[in-house]
2 protein chains.
Amino acid sequence: MDIDQNIIANLINTFSQTLEMFDLSSADARLFTILYLNHQPMTLDEMSQTTGKSKTTVNTGIRNLSDLNLVKQVWKKGVRKDLYTTDHALYQCFMSTYINKWLGHTVNQEESLAKIKAQLASQYKDELIVNKLNEMIAFHTSLKNSFAQMKPTT
Amino acid sequence: MDIDQNIIANLINTFSQTLEMFDLSSADARLFTILYLNHQPMTLDEMSQTTGKSKTTVNTGIRNLSDLNLVKQVWKKGVRKDLYTTDHALYQCFMSTYINKWLGHTVNQEESLAKIKAQLASQYKDELIVNKLNEMIAFHTSLKNSFAQMKPTT
DNA sequence: TAGTTTGTACAGTTTAAACTGTACGTAAAA
DNA sequence: TTTTACGTACAGTTTAAACTGTACAAACTA
């Protein structure tokens, strides 16, 4: 029996919106969701058909998702076309990657700011700018702590 | 004494990159940073000068930042031009807004998914799609918990 | 009052991203 | 082998965002 396509479309939209918060483009989020909801791995042509985008577009979309380890290629004997499927461990997949991205960034920037501080502070101990810089560094430290706290026990 | 402009430029770039992670555009992030680092409130003309963008662009940028409560207008007697300054409580300003955004979104989407589930589940109890939907809902619940845990004691 | 100055609305331009169709290399099929 | 099917590189197009300059309304100055 056929499931109402409007409901499915709504579902795809709703979930895609959440994925966009993980810095996926709207198109990539839709592509992931469609693949995720599909019961079997899909070919480029099927995804092109379902998304209404050209095969080239789907191809680059799949490449984006693969780079993010959100999609993997699977083989099925007798099938010549490339088949793709999603990683189904949603939370692990998205959230832990996301937290790591934040942690990596904050640690990086904190180090950069420390270097800048070294450059400035040696010469301009009392400048207001040094105070601002210290606030920025403290900000990064707080961010780091918050995200570290959120990190799941891995 | 003049602080090396290269160092300042580097500082602006570094901090702006962090702000971009809070979904600010590159231009808005730079504008905020410049305003944040400035010792006094700034006028549109000054910001236009400093950013190298037109006054119109700065104007819309300031409007964006104001909408996000990142910038406020201040008055100083004798000064005819509008003066703007940043909120200097960086963590509170950015992080708590960010967490609230996530929480708001996840709660919203979770409700939407619950409605979709009601529509589907009444008719198609055993469809695979319902399982997927349940996974999605569980995902949102996990997200909600993670961000709620991160929420500072307010 | 008239003359400035300032912020912003708006129309048009520039720039970057998303997307498409063609073309071609490679690998399977016949 | 030849033929067909598939993935993707590439050039060009469409679309959306960022940005600019002009123009004008509101507020200040004299």
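Named according to an unreviewed UniProt entry, chain A is HTH-type transcriptional regulator originating from Amphibacillus marinus. Listed under Sequence similarities (unreviewed entry) in UniProt, the entry text for chain A is "Belongs to the GbsR family."

So what exactly am I meant to see when it comes to the overall build of chain A here?
Scanning chain A from N- to C-terminus turns up six helices and two strands. Reading the secondary structure of chain A in the N-to-C direction produces α-α-α-α-β-β-α-α. The C-alpha atoms of chain A give 22 Å as radius of gyration, which overshoots the globular expectation for 154 residues (15 Å, by more than 25%). With the principal axes as the frame, chain A shows a C-alpha extent of 75 × 30 × 30 Å. The buried share of chain A, reckoned over its 154 residues, is 27%. If you take every contact in chain A between residues at least 6 apart in sequence, the share linking residues at least 24 apart comes to 45%.

What is the right way to look at the protein's contact with DNA strand C in this model?
In the region of DNA strand C, 16 residues are neighbours, and Ala27(A), Ser54(A), Thr56(A), Thr57(A) and Asp82(B) sit closest. When residues of the surface near DNA strand C are traced back to their parent elements, those giving at least two are helix H4 (55-67) of chain A together with helix H3 (44-51) and helix H4 (55-67) of chain B. Examining the composition of the surface near DNA strand C, we find that three residues originate from one element, H4(B), more than from any other. Residues belonging to the surface near DNA strand C are distributed by class as follows: two nonpolar, seven polar and seven charged.

Help me out: how do you make sense of the packing of H3(B) against H4(B) in this one?
For any two helices packed against each other, the geometry comes down to the angle between their axes and how far apart the axes lie. Residues and elements named next belong to chain B. In the contact formed by H3 and H4, the axes pass within 9 Å of each other and the chain directions differ by 110 degrees. Relative to H4, the element H3 lies roughly perpendicular. Along its contact with H3, which presents Leu-44, Asp-45, Met-47, Ser-48 and Thr-51, the element H4 presents Lys-55, Val-58 and Asn-59.

Where do I start with the UniProt feature "domain: Transcription regulator TrmB N-terminal" (unreviewed entry) in chain A in this structure?
The sites that UniProt annotates as "domain: Transcription regulator TrmB N-terminal" (unreviewed entry) are residues 19-77 of chain A. As a span, residues 19-77 of chain A carries 59% helix and 7% strand, and end to end its C-alpha atoms are 32 Å apart.

Is there a simple way to explain the relation of the copies chain B and chain A in this structure?
A rotation about an axis combined with a shift along that same axis relates the two copies of the chain. Superposition record for chain B on chain A: RMSD 0.1 Å, screw rotation 180 degrees, translation along axis 0.0 Å. Both copies of the chain, as the preceding transformation shows, are related through a two-fold rotation axis. Taking C-alpha positions as the reference, the residue of chain B nearest the rotation axis is Met150(B), at 3.2 Å. The residues that chain B uses at the interface reappear at the interface of chain A in 100% of cases, marking a shared surface.

Hey, could you run me through the protein's contact with DNA strand D in this one?
Around DNA strand D there are 16 residues in total, and Asp82(A), Ala27(B), Ser54(B), Thr56(B) and Thr57(B) lie nearest to it. At the level of elements, helix H3 (44-51) and H4 of chain A together with H4 of chain B are the ones that each hand at least two residues to the surface near DNA strand D. Broken down by element, the surface near DNA strand D gets its largest block of residues, three residues, from H4(A). Each residue belonging to the surface near DNA strand D can be placed in one class, and the counts come to two nonpolar, seven polar and seven charged.

Please explain the nonpolar core as it appears in this structure.
Grouped burial of nonpolar side chains is what soluble globular proteins tend to show. Counting residues in hydrophobic clusters, the biggest one holds 57 residues, and the most contacted among them are Leu31(A), Phe32(A), Leu35(A), Leu31(B), Phe32(B) and Leu35(B). In this view, Leu31(A) contacts Met47(A), Thr51(A), Val58(A), Gly61(A) and Leu65(A); residues no more than four positions away in its chain are not counted.

What should I look at first to understand the interface of chain B and chain A in this one?
Interface size, as often reported, equals the accessible area lost upon joining of the parts. Contact with chain B, which involves 38 residues of that partner, is made by 38 residues of chain A. Of all the elements in the fold, those that place two or more residues in the side of chain B that touches chain A are helix H1 (5-20), helix H2 (26-37), helix H5 (90-121) and helix H6 (128-150) of chain B. Ranked by residues supplied to the side of chain B that touches chain A, first place goes to H6(B) with 13 residues. Across the side of chain B that touches chain A, the residue classes tally to 22 nonpolar, 13 polar and three charged.

Is there a simple way to think about the pairing of strand E2 (residues 83-86) of chain A in this case?
Walk down a regular strand and you will see the side chains alternate between the two sheet faces. Residue and element names in this part refer to chain A. Of the two faces of E2, the one lined by Tyr-84 and Thr-86 is fully buried and the one lined by Leu-83 and Thr-85 carries no buried residue. Sheet topology places strand E1 (residues 71-74) next to E2; four bridges connect them, and they run antiparallel. Considered in E2, the bridge of Gln-73 is made with Tyr-84.

Sorry, what's going on with the domain arrangement of chain A here?
Examined at the domain level, chain A breaks down into domain 1 (5-88) and domain 2 (91-150). A straight line from the C-alpha centre of domain 1 of chain A to that of domain 2 of chain A covers 35 Å.

Honestly, unusual backbone geometry in this entry has me stumped. Any pointers?
Keep in mind that most residues, glycine aside, have a negative phi and that most peptide bonds are trans. Backbone geometry places Asn69(A), a non-glycine residue, at a positive phi of 60 degrees. The residue Asn69(A) is located in the loop between H4 and E1 in this model. In this model, Asp23(B) sits at a positive phi of 70 degrees, which is unusual for a non-glycine residue. If you trace the backbone, Asp23(B) turns up in the loop between H1 and H2. Classification of Asp23(B) by C-beta neighbours within 10 Å gives partly exposed; the count is 13.

Scoring rules and cut-offs
Residues numbered from 1 in each chain as written. Chains lettered and ligands numbered in written order. Predicted model: local features only at pLDDT ≥ 70, side-chain atom pairs only at ≥ 80, totals over all residues. UniProt positions renumbered as here; feature names shortened; annotations may be inferred. Helix = DSSP H or I, 4+ residues; strand = E, 2+ residues; numbered from the N terminus. Rg over C-alpha atoms; globule rule 2.2 N^0.38 Å. Buried ≥ 20, exposed ≤ 12 C-beta atoms within 10 Å, placed from the backbone. Contact = placed C-beta atoms within 7 Å. Near = placed C-beta within 6 Å. Nonpolar A, V, L, I, M, F, W, Y, C, P; charged D, E, K, R; others polar. Axes fitted to C-alpha atoms, helices over the stretch in contact; angles between N-to-C directions. Parallel < 35°, antiparallel > 145°, perpendicular 65-115°, else oblique. Least-squares fit on C-alpha atoms with pLDDT ≥ 70 in both. Core = buried A, V, L, I, M, F, W, Y, C linked by C-beta atoms within 7 Å. Pairing = 2+ DSSP bridges. Domains from an automatic or database assignment.

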